[in-house]
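Residues per chain, in single letters:
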Amino acid sequence: HWEVDDASSAFQQGHGTATTSAARRLSTFMQAEYPRLAILQDARAQLGFQGRLDVQSSGLVLCALSYEAHFVLQLRQDTFSIAREYIVLVHGHLSEDVCELRLPVVAS
């Protein structure tokens, strides 16, 4: 079970006051995988994290590996221009002629 860092924990981590165990932070994993990427050490850039892609329906977390990618991802989030495509496992039966569903994702 990994915990996603937020901006405040990123800031606290840089000052030695983090409250979450460093061994279980997602930032710790990313820093171990990519030790030479400066953005993953930069609290001002939220350690590269952009947040969850779609809080209500997924656990996907966006993390930039460069400052350029961080800027582009932030711009796209701020202007609501990130396209999302989901693949789902369906229980039950669908008609064979159904190949695409275009419905909003609703939390149950």
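Residues numbered from 1 in each chain as written. Predicted model: local features only at pLDDT ≥ 70, side-chain atom pairs only at ≥ 80, totals over all residues. Heavy atoms only, no water.

A.B. asks: Provide a residue-level description of the pattern of salt bridges, including the pertinent values.
C.D. replies: Using the criterion set out here, one finds one salt bridge in the structure. Two residues, Arg44 and Asp42, come together in a salt bridge whose shortest N-O distance is 3.4 Å. By relative accessible area, which is 74% here, Arg44 ends up exposed. Overall, Asp42 belongs to the buried group, its relative accessible area being 11%. (Salt bridge = Lys/Arg side-chain N within 4 Å of Asp/Glu carboxyl O. Buried < 20%, exposed > 50% of the residue type's maximum accessible area, 1.4 Å probe, protein only.)

A.B. asks: I'd like a rundown of helix 3 (residues 67–78), residues and numbers included.
C.D. replies: With twelve residues, helix 3 extends 16 Å between its outermost C-alpha atoms, agreeing within 8% with the 16 Å of an ideal straight helix rising 1.5 Å per residue. Remark: Phe80 follows helix 3 within two positions and exhibits a positive phi of approximately 55°. (Helix = DSSP H or I, 4+ residues; strand = E, 2+ residues; numbered from the N terminus. Expected span 1.5 Å × (residues − 1).)

A.B. asks: How would you sum up the side chain of Gln50? Please name residues and give values.
C.D. replies: Summarising the element assignment, Gln50 is placed in strand 1 (residues 49–52). Among the polar contacts listed, one links the side chain of Gln50 to the side chain of His70, at a separation of 3.0 Å. There is a polar contact of 3.5 Å between the side chain of Gln50 and the backbone nitrogen of Gln74. Sequence-distant contacts of Gln50, defined by excluding residues within four places in its chain, comprise Leu62, His70, Leu73, Gln74 and Gln77. (Polar contact = N/O pair within 3.5 Å; in protein donor to acceptor, adjacent residues only side chain to side chain. Contact = heavy atoms within 4.5 Å.)

A.B. asks: How would you sum up a nonpolar patch on the surface? Please name residues and give values.
C.D. replies: A cluster of nonpolar side chains, contributed by Val90, Leu94, Val98, Leu101 and Leu103, occupies part of the molecular surface with about 480 Å² of accessible area. Along the chain, the position of Leu94 falls in the segment after helix 3. For Leu94, a relative accessible area of 49% corresponds to the partly exposed category. (Patch = residues over 30% accessible without salt bridge, like charges linked within 9 Å, V, L, I, M, F, W, Y side chains within 5 Å. Areas by Shrake-Rupley, 256 points an atom, 1.4 Å probe, with all protein chains shown as cover.)

A.B. asks: I'd like to hear about the side chain of His70, residue by residue, with values.
C.D. replies: Within the element layout of this structure, His70 appears in helix 3. Residues within four places of His70 in sequence aside, it is in contact with Ile39, Ala45, Gln46, Gly48, Phe49, Gln50 and Ala64.

A.B. asks: How would you summarise the environment of Gly51 if you had to cite specific residues and measurements?
C.D. replies: For Gly51, the position within the fold is in strand 1. Apart from the residues lying within four places of it in its own chain, the contact partners of Gly51 are Leu60, Val61 and Leu62.

A.B. asks: Help me get a handle on unusual backbone geometry, residues and values and all.
C.D. replies: We note that Gln46 has phi near 50°; this positive angle belongs to a residue other than glycine. Mapped onto the secondary structure, Gln46 falls in the loop between helix 2 (26–33) and strand 1. Residue class for Gln46 comes out partly exposed when judged on its relative accessible area of 26%. Of note, Phe80 is a non-glycine position whose phi angle comes to about 55°, a positive value. Checked against the element boundaries, Phe80 lands in the segment after helix 3. We classify Phe80 as exposed; its relative accessible area is 78%.

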